[in-house]
Amino acid sequence: KDICSFLKEKKLVQVKNDVVIATKLKLFTQFQAYNLEKCVDSSPGLLKINDTHVISVGSHSHKLININAETLAIISHVELGDQIECEVAQFKNEGIVGCYDGFLYSFDALTGKIIWKYESGGMIKSKPLVISNELIIFGNYNYNQNIRCIKVNDNNEIELKWSKMLGRLGIYAN
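Cut-off values and rules
Residues numbered from 1 in each chain as written. Predicted model: local features only at pLDDT ≥ 70, side-chain atom pairs only at ≥ 80, totals over all residues. Heavy atoms only, no water. pLDDT = per-residue confidence, 0-100. Helix = DSSP H or I, 4+ residues; strand = E, 2+ residues; numbered from the N terminus. Buried < 20%, exposed > 50% of the residue type's maximum accessible area, 1.4 Å probe, protein only. Pairing = 2+ DSSP bridges. Salt bridge = Lys/Arg side-chain N within 4 Å of Asp/Glu carboxyl O.

**Thoughts on the confidence of the model for the chain**
Part 1: Here the chain averages 85 in pLDDT, while 78% of its residues score no lower than 70.
Part 2: Here strand β2 (residues 19-23) stands out as the least confident element of the chain, with mean pLDDT 58; strand β9 (residues 103-107) is the most confident, with 97.

Below is the structure:
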């Protein structure tokens with residue numbers, strides 16, 4: 001038997017001309033909702049800060065929220081200079097995320113405090129790639145050098161290791 005026949009037999013759906021026109025099934029359950037005020041184009045990122053698993057997601061409202069993955073309670077908010085479209089990545093015990101204002105931000109997901117920021121010269125829509133406890137690679141929309149590698153030392157001093165032009169346009173990647 002196919003699934004449609006099974007559901008029809010159990011009187012869970014109504015079918016007319018081989019099209020489901022009504023259902024008694026609840027296919028999705030909303031278990032929590034958060035108002036980020038504008039659209040969310042970024043994928044949520046998962047961080048592990050100390051022993052806390054944190055879901056971190058940004059929006060076009062410049063706001064990023066950090067949610068305890070076990071309790072679903074909001075832990076903190078971060079407000080950046082412009083829209084956020086890229087996924088948050090974990091760097092050391094911090095979250096990092098790019099922004100339309102051209103900065104790569106590091107933040108404490110438990111408090112919402114910005115730890116450092118790096119100006120890239122073009123809006124950042126790509127998820128940062130963490131190579132080690134010091135190196136981060138990310139793409140941006142700088143039309144002279146759209147991919148960069150930075151080194152962040154233990155004092156949060158940032159050094160540009162290299163930058164290149166990949167292709168002719170900006171880089172968007174998650």
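Read on for the rest.
**Section: the pairing of strand β13 (residues 147-152)**
Part 1: Most of β13 is tucked away, with five of its six residues classed as buried.
Part 2: In this structure, strand β12 (residues 135-139) lies alongside β13, joined through five bridges in antiparallel fashion. By the bridge assignment for β13, Phe138 is matched with Arg148.
Part 3: Looking at chain direction, β13 and strand β14 (residues 158-164) are connected through six bridges and run antiparallel. Bridge pairing in β14 places Val152 opposite Ile158.
Part 4: Here β13 hands over to β14 after five residues, with Asn156 in that stretch at a positive phi of 65°.

**Section: the pattern of salt bridges**
Part 1: Under the counting rule described, the total for this entry stands at five salt bridges.
Part 2: A salt bridge links Glu87 to Lys127, with the nearest nitrogen and oxygen atoms 3.3 Å apart. Here Glu87, found in the loop between β6 (74-79) and β7 (89-91), pairs with Lys127, found in the loop between β10 (114-119) and β11 (129-130); they are 40 residues apart in sequence, far enough to count as distant.
Part 3: Residue Lys127 is classed as partly exposed on the basis of its relative accessible area, which comes to 32%.
Part 4: Here Lys161 and Glu159 are joined by a salt bridge, their closest N and O atoms 3.7 Å apart.
Part 5: Classification of Lys161 by relative accessible area gives partly exposed; the value is 42%.
Part 6: Relative accessible area serves as the criterion here: at 39%, Glu159 is assigned to the partly exposed category.

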